[in-house]
Each structure stands twice: as structure tokens, then as C-alpha cells.
Amino acid sequence: MNESNSQSGYTRELREEAVKLALTEGVGVSEAACRLSVPLRTLANRVRSAKAGKLQKVGKDQKPLTELKAELGRVQRERRK
């Protein structure tokens, strides 16, 4: 099941995909953040944590998020643009 940060509403999958895009796809942090509608500072912090090997610890104690709630969070972020 998807997991989310209780403050941001980002699923674990989205967080992992954002870091992967920024680090391995040849796309910078800024472009990855823009493409995925994630705040630049948030993604930069996650990339820094991933490089330090700390990303696996981030979010391990978070509660599951339903697919509907994840979709709602995505739509709300898009509307804020």
C-alpha cells in the first residue's frame, strides 16, 4: 500500500521516483521538481538524504495512504500552481 508523509501527502513511490529522476535520468533536481510538481527544496533535501544513504529511514514510520487520498493530494498540488 502507498505510504505518505503526513505533512506533504507525497506517496513513497512519488518520493522515490523524484529522487531517481533527479539522480539517474540525467535530469537535474530543478527540472525533476518541476516535472513532478514537487517543491524544489523538498526534492533537494531528499536527494541529499539519498546521497548520504539516509533515504531508506525517511518515512518508515508513516501511516498508509489510500489511493484516493493520494490522488486528492496530487490534484490539490496541481491547482496551487
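Residues numbered from 1 in each chain as written. Predicted model: local features only at pLDDT ≥ 70, side-chain atom pairs only at ≥ 80, totals over all residues. Heavy atoms only, no water.

Peer 1: Help me understand the overall build of the protein chain, please; the structure alone is not making it clear to me.
Peer 2: A tally of regular secondary structure across the protein chain gives four helices and zero strands. Reading the helices (α) and strands (β) of the protein chain from amino to carboxyl end gives α-α-α-α. Per-residue burial over the protein chain gives 32% buried out of 81 residues. Within the protein chain, contacts between residues at least 6 apart in sequence are counted, and of these 56% link residues at least 24 apart. As displayed, the protein chain has an accessible area near 5800 Å², and 50% of this comes from carbon and sulfur atoms. (Helix = DSSP H or I, 4+ residues; strand = E, 2+ residues; numbered from the N terminus. Buried < 20%, exposed > 50% of the residue type's maximum accessible area, 1.4 Å probe, protein only. Contact = heavy atoms within 4.5 Å. Areas by Shrake-Rupley, 256 points an atom, 1.4 Å probe, with all protein chains shown as cover.)

Peer 1: Explanation requested: the pattern of salt bridges in the structure shown.
Peer 2: Two side chains of opposite charge can pair, provided their charged atoms sit close to one another. Per the stated rule, a full pass over the model turns up three salt bridges. The partner of R74 in a salt bridge is E71, with the nearest N and O atoms 2.4 Å apart. You can see R74 and its partner E71 sitting in helix α4 (residues 67-79), three residues apart, about one turn around the helix. Among the charged side chains, a network of salt bridges with common partners joins E71, R74 and E78. (Salt bridge = Lys/Arg side-chain N within 4 Å of Asp/Glu carboxyl O.)

Peer 1: How should the confidence of the model for the protein chain be read in this particular structure?
Peer 2: Residues at a pLDDT of 70 or more form 75% of the protein chain, whose mean pLDDT is 76. Here residues 1-6 is a poorly scored stretch, pLDDT under 50, and it has 29 contacts once near neighbours within four places are set aside; other chains count. (pLDDT = per-residue confidence, 0-100.)

Peer 1: How do you make sense of unusual backbone geometry when you look at a structure like this?
Peer 2: Peptide bonds are, in most cases, trans, and in most cases residues other than glycine have a negative phi. Despite not being glycine, S37 shows a phi value in the positive range, around 55°. Looking at the secondary structure, you find S37 in the loop between α2 (29-36) and α3 (40-51).

Peer 1: Would you mind showing me how to read the environment of N45 here?
Peer 2: Turning to its location among the elements, N45 is positioned in helix α3. Between the C-alpha atoms of N45 and V19, which are 26 residues apart in sequence, the distance is 9.7 Å.

Peer 1: Even after reading the chapter, I still don't get the nonpolar core, so can you show me in this structure?
Peer 2: A general tendency of soluble globular proteins is for nonpolar side chains to be buried together. The biggest cluster of nonpolar side chains holds 12 residues, and these are Y10, L14, A18, V19, L21, A22, V27, A32, A33, V38, L43 and V47. Mapped onto this core, the elements with two or more residues apiece are α1 (12-24), α2 and α3. (Core = buried A, V, L, I, M, F, W, Y, C linked by side-chain atoms within 4.5 Å.)

Peer 1: Just checking my understanding: could you explain α1 for this structure?
Peer 2: Residues that lie three or four places apart on an α-helix share one face, since the helix turns once every 3.6 residues. Over its 13 residues, α1 extends 18 Å from the first C-alpha to the last, a length consistent with the 18 Å expected when each residue adds 1.5 Å. Inspection of α1 places L14, R15, A18, V19, L21 and A22 among the buried residues, and these make up the whole buried set. On an axial view of α1, the arc spanned by its buried residues comes to 160°, and they lie on one face. Contacts made by the buried residues of α1 are with α2, α3 and α4. (Expected span 1.5 Å × (residues − 1). Arc of directions from axis to C-beta.)

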